[in-house]
Amino acid sequence: MGQKDKKEVKKRRDESPPPEDRKKCRFCRFPLLVALLQLLLGVSVTVVAFLMLAISPSLLARETPHWAGIILCIVSIVGFILYFITYLPDERTSLQFILKLLYFILCTIGLVLSVLVIAFAGHHHAQTSSFSCEPDGEDCVCKLDHTDPIARTFTYEGVSDCGEITDTLTLYFVIQIVLNLAQALVCAVGAFIMWKHRYQVFFAGLQIGSPSSQQWQKV
């Protein structure tokens, strides 16, 4: 009778879901590298944006996308908080669920904003590359077509050297395109990790297998 009970216990153990490897899950639930990359890219985008703004106060907000970098810094902070909350014994708390949802939403917003910044930076880079600029006192006046008398003009205040517009500002737009492209990829990875963490990694309670040898699987 004892032998039969042992076989039943062994059979139930085999059919039950495997225990989680806590040491592994501490690092797989939220990759620390993603949060660090988001923080570094967010700071870089913000610094470059303020360097662009230092060239001329006439630059618009869409030309100096510091807002995109600041939002990514916020996303990384939420990621760090989520990483440390993972160590709590109760993993299914409402706080952790809210933070995961918030992180997913912020990553999605960061991805969209990065794509917008790439579009704006690409447009302004093409625009400044074709500028014909002339100094006008303490300002710099640029035209898209110097031969057209009614062509649209752009006045950059506080710029005595027009080379800062045609050369330096153009370079900054290229840097913004590269940084925001990397930022968009990192945000996409972060959102994918949260989606995978929610729908593919956790045991969902579904029993898949043949009637003779049923096995629990992660789905």
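Refer to the structure printed above.
Residues numbered from 1 in each chain as written. Predicted model: local features only at pLDDT ≥ 70, side-chain atom pairs only at ≥ 80, totals over all residues. Heavy atoms only, no water.

In terms of nonpolar packing, the biggest core is built from 34 residues, with Met52, Tyr103, Tyr156, Ile165 and Leu169 touching the most fellow members. Every element with two or more residues in this core is listed here: helix 3 (32–55), helix 4 (66–85), helix 5 (94–129), strand 2 (139–143), strand 3 (153–156) and helix 6 (163–201). Per element, the largest residue contribution to this core is 10 residues, and it comes from helix 6. The residues touching Met52, leaving out its near neighbours within four places in the chain, are Leu59, Glu63, Thr64, Leu169, Tyr172, Phe173 and Gln176. (Core = buried A, V, L, I, M, F, W, Y, C linked by side-chain atoms within 4.5 Å. Buried < 20%, exposed > 50% of the residue type's maximum accessible area, 1.4 Å probe, protein only. Helix = DSSP H or I, 4+ residues; strand = E, 2+ residues; numbered from the N terminus. Contact = heavy atoms within 4.5 Å.)

Let us now look at the state of the cysteines. Using the criterion set out here, one finds 2 disulfides in the structure. Between the sulfur atoms of Cys133 and its disulfide partner Cys142 the distance amounts to 2.1 Å. Taking the torsion about the sulfur-sulfur bond, which here is approximately 105°, the covalent link between Cys133 and Cys142 counts as right-handed. There is a disulfide in this structure between Cys140 and Cys162, and the S-S distance comes to 2.2 Å. The sign of the S-S torsion, about 130°, decides the handedness of the disulfide formed by Cys140 and Cys162: right-handed. One end of the pair, Cys140, is in strand 2; the other, Cys162, is in the loop between strand 3 and helix 6, with 22 residues separating them in the sequence. (Disulfide = S-S within 2.5 Å.)

Its location among the elements puts Gln176 in helix 6. Leave out the neighbours within four places in its chain, and Gln176 touches Val45, Val48, Ala49, Met52, Pro65 and Ala121.

Turning our attention to the pairing of strand 2. Side-chain alternation along strand 2 places Cys140 and Cys142 on a buried face and Asp139, Val141 and Lys143 on a face that remains uncovered. Of the strand pairs in this sheet, strand 1 (residues 132–136) and strand 2 are connected by 5 bridges, and their pairing is antiparallel. By the bridge assignment for strand 2, Pro135 is matched with Cys140. As judged from the 4 bridges shared by strand 2 and strand 3, these two strands associate in the antiparallel manner. The residue of strand 3 that forms the bridge with Cys140 is Tyr156. (Pairing = 2+ DSSP bridges.)

Here the focus is the sheet that holds strand 1. Taken in spatial order, the 3 strands line up as 1-2-3 in an open sheet, and their pairing is antiparallel. Looking at the sheet topology across the chains shown, the edges are occupied by strand 1 and strand 3. The mean inter-strand angle of the sheet, taken between neighbouring strand axes irrespective of direction, is 25°. (Axes fitted to C-alpha atoms, helices over the stretch in contact; angles between N-to-C directions.)

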